[in-house]
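The lines below spell out each chain.
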Amino acid sequence: MTSVLHLQAPAKLNLYLRILGRRPDGYHELETLFERIDLADELAFAPQPHGITLTCDEPSLECGPENLIVKAASVLQRTCGITQGAAIHVRKRVPIAGGLGGGSSDAATTLIGLNRLWNLQMPPDRLHQLAAELGSDVPFFLQPEAFAIGRGRGELCEPLIGALPELWQVLVAPPVPLSTKSVYEGFDRSHRTGEDLTEPGVSISMCLHALRNGPDLSGLATGLRNDLQPEAIRRCPVIEEIGDSLRRHGCVGVLLSGSGPSVFGLCADEAHAQQVADRIRATGSSSWKVLVVKTMSHGHQ
Ligand code: C5P
């Protein structure tokens, strides 16, 4: 395909994810802290007269109408009443169903890419609205800041403005996809209806304070929280093994990202992260994907 536009679709980690309650629409009210990282899918867009064609270098990716890239393209076509088409190719780098927002980021990047390719000039607030309809995490990937607080379903994003540090992390993804929906359903089953879901524990302000102070890595480690972690471990016990391994090999703080199963460990700098990653590659399961990642400060715009 002769592509005319190439964009990166970066992944995210959740440094904090607190469940505040169940909502009448079946979703959960959240307070979360997103971090964009430099692990990214690569999307190429080319115009075609009609229809949306999606191809991928990863054969296990479903490229039909259920794919969020195709949904994002179709919703843009419908909203703008256009018949122009596009051929989209994705080089998949972000583990699928890993809790890293890969599909959501692909969707956001498709909105940005086709808005440009088709010269639609959709204003940011309209793109944000479409993004929120596509998925709870999609709006985060539209905004240029590397860190943002997500509220509501996660779609109400408040970017963290100002100078913020780049974090170095080791990311370990076992080869077991976990469905976000099933992890939330399991969370519900282990909590009685009407029960107060707000577990006591650290508040998001601890993470924010630690981020703005250097970062203060031990403060950040203390502030890490993910209320979905116990349920994800129940479904996928290897998460616990990975967490132990990251801790044993020197990570300062360790947490499940999103609904998992990917786990990350905080490191002091690049050399420290490389050292931890090498040790885990040497001692852990060869089926684990072990990556050194850092905060992606610049957006894809
Ligand atoms: O919004 P998204 O389609 O990414 O969500 C996937 C699933 O995760 C939802 O169908 C829902 O079951 C669950 N979810 C939730 N509360 C949220 C976000 C997601 O229950 N805030």
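What you see is a predicted model; the values in this text were computed from it and never measured.

Participant: How should I be thinking about the site of the ligand in this particular structure?
Facilitator: Lining the immediate environment of the ligand, one finds G26, Y27, H28, L30, G135, S136, R153, T180, K181 and Y184. A distance of 2.7 Å is found between an oxygen atom of the ligand and a side-chain nitrogen or oxygen belonging to H28. At 2.9 Å, a backbone N or O of R153 approaches a nitrogen atom of the ligand. Considered on its own, the ligand offers 450 Å² of accessible surface; in the complex 77% of this is hidden by protein. Elements represented by at least two residues in the shell around the ligand include exactly β2 (28–48) and α4 (180–189). In terms of residues, the shell around the ligand owes the most to one element, α4, which gives 3 residues.

Participant: Is there a simple way to explain the pairing of strand β6 (residues 156–159) in this structure?
Facilitator: The two faces of a sheet get side chains in turn, since along a regular strand they alternate between them. Here strand β5 (residues 147–152) runs beside β6; their pairing, made up of 4 bridges, is antiparallel. If you follow R151 over to β6, its bridge partner there is L156. As consecutive antiparallel partners, β5 and β6 are separated by 3 residues, and within that stretch G154 has a phi angle of approximately 120 degrees, a positive value.

Participant: Is there a simple way to think about the pattern of salt bridges in this case?
Facilitator: A side chain with one charge can pair with a side chain of the opposite charge if their charged atoms come near. Within the structure shown, the criterion is met by 17 salt bridges. One salt bridge connects D25 with R23, and the closest N-O pair in it is separated by 2.7 Å. The partner of R247 in a salt bridge is D244, with the nearest N and O atoms 3.2 Å apart. Of this pair, R247 and D244 both sit in helix α8 (residues 238–248), 3 residues apart, which is roughly one turn of the helix.

Participant: How should I be thinking about unusual backbone geometry in this particular structure?
Facilitator: If a residue is not glycine, its phi is most likely negative; likewise, a peptide bond is most likely trans. For the bond running from G214 to P215, omega is 20 degrees, close enough to zero to count as cis. Checked against the element boundaries, P215 lands in the loop between α5 (204–212) and α6 (217–223). A cis amide bond links G260 to the next residue, P261, at an omega of 10 degrees. Positive phi values are uncommon outside glycine, yet N119 reaches one of about 50 degrees. In this structure, N119 sits in the loop between α2 (102–117) and α3 (124–134). For Q121, which is not a glycine, the phi torsion comes out positive at approximately 55 degrees. Take Q121: it is sitting in the loop between α2 and α3.

Participant: Is there a simple way to explain the sheet that holds strand β10 (residues 263–267) in this structure?
Facilitator: Backbone-to-backbone hydrogen bonds pair the strands of a sheet. The strands run either parallel or antiparallel. Strand order in the open sheet formed by 4 strands is β9-β10-β7-β11, and the pairing between neighbours is antiparallel. Of all the strands in the sheet, just β9 (254–256) and β11 (289–294) have a single pairing partner and so form its edges. Along the sheet, successive strands turn relative to each other by an average axial angle of 25 degrees, direction set aside. Here strand β7 (residues 168–173) runs beside β10; their pairing, made up of 5 bridges, is antiparallel. Residue pairing for β10: W168 is matched across the bridge by C267. α8 contacts β7, β9 and β10 of the sheet and is inclined by roughly 10 degrees relative to β10. Sitting on the sheet, helix α9 (residues 270–283) touches β7, β10 and β11, and the angle it makes with β11 is about 175 degrees.

Participant: Help me understand the packing of helix α1 (residues 68–80) against α3 in this model?
Facilitator: Between two packed helices, the angle of one axis relative to the other and the distance separating the axes together describe the packing. Close contact between α1 and α3 brings their axes to 11 Å; oriented N to C, the two are set at 135 degrees. Relative to α3, α1 is oriented oblique. Helix-helix and strand crossings are classified by hand; for α1 and α3 the assignment is right-handed. Within the contact between the two elements, α1 uses L68, K71, A72, V75, L76 and T79 and α3 uses R126, L127, L130 and L134. Grouping the constituent residues of the contact of α1 with α3 by class yields 7 nonpolar, 1 polar and 2 charged.

Conventions adopted
Residues numbered from 1 in each chain as written. Predicted model: local features only at pLDDT ≥ 70, side-chain atom pairs only at ≥ 80, totals over all residues. Heavy atoms only, no water. Near = heavy atom within 4 Å. Polar contact = N/O pair within 3.5 Å; in protein donor to acceptor, adjacent residues only side chain to side chain. Areas by Shrake-Rupley, 256 points an atom, 1.4 Å probe, with all protein chains shown as cover. Helix = DSSP H or I, 4+ residues; strand = E, 2+ residues; numbered from the N terminus. Pairing = 2+ DSSP bridges. Salt bridge = Lys/Arg side-chain N within 4 Å of Asp/Glu carboxyl O. Axes fitted to C-alpha atoms, helices over the stretch in contact; angles between N-to-C directions. Contact = heavy atoms within 4.5 Å. Parallel < 35°, antiparallel > 145°, perpendicular 65-115°, else oblique. Left-handed = near helix turned anticlockwise from the far one by under 90°. Nonpolar A, V, L, I, M, F, W, Y, C, P; charged D, E, K, R; others polar.

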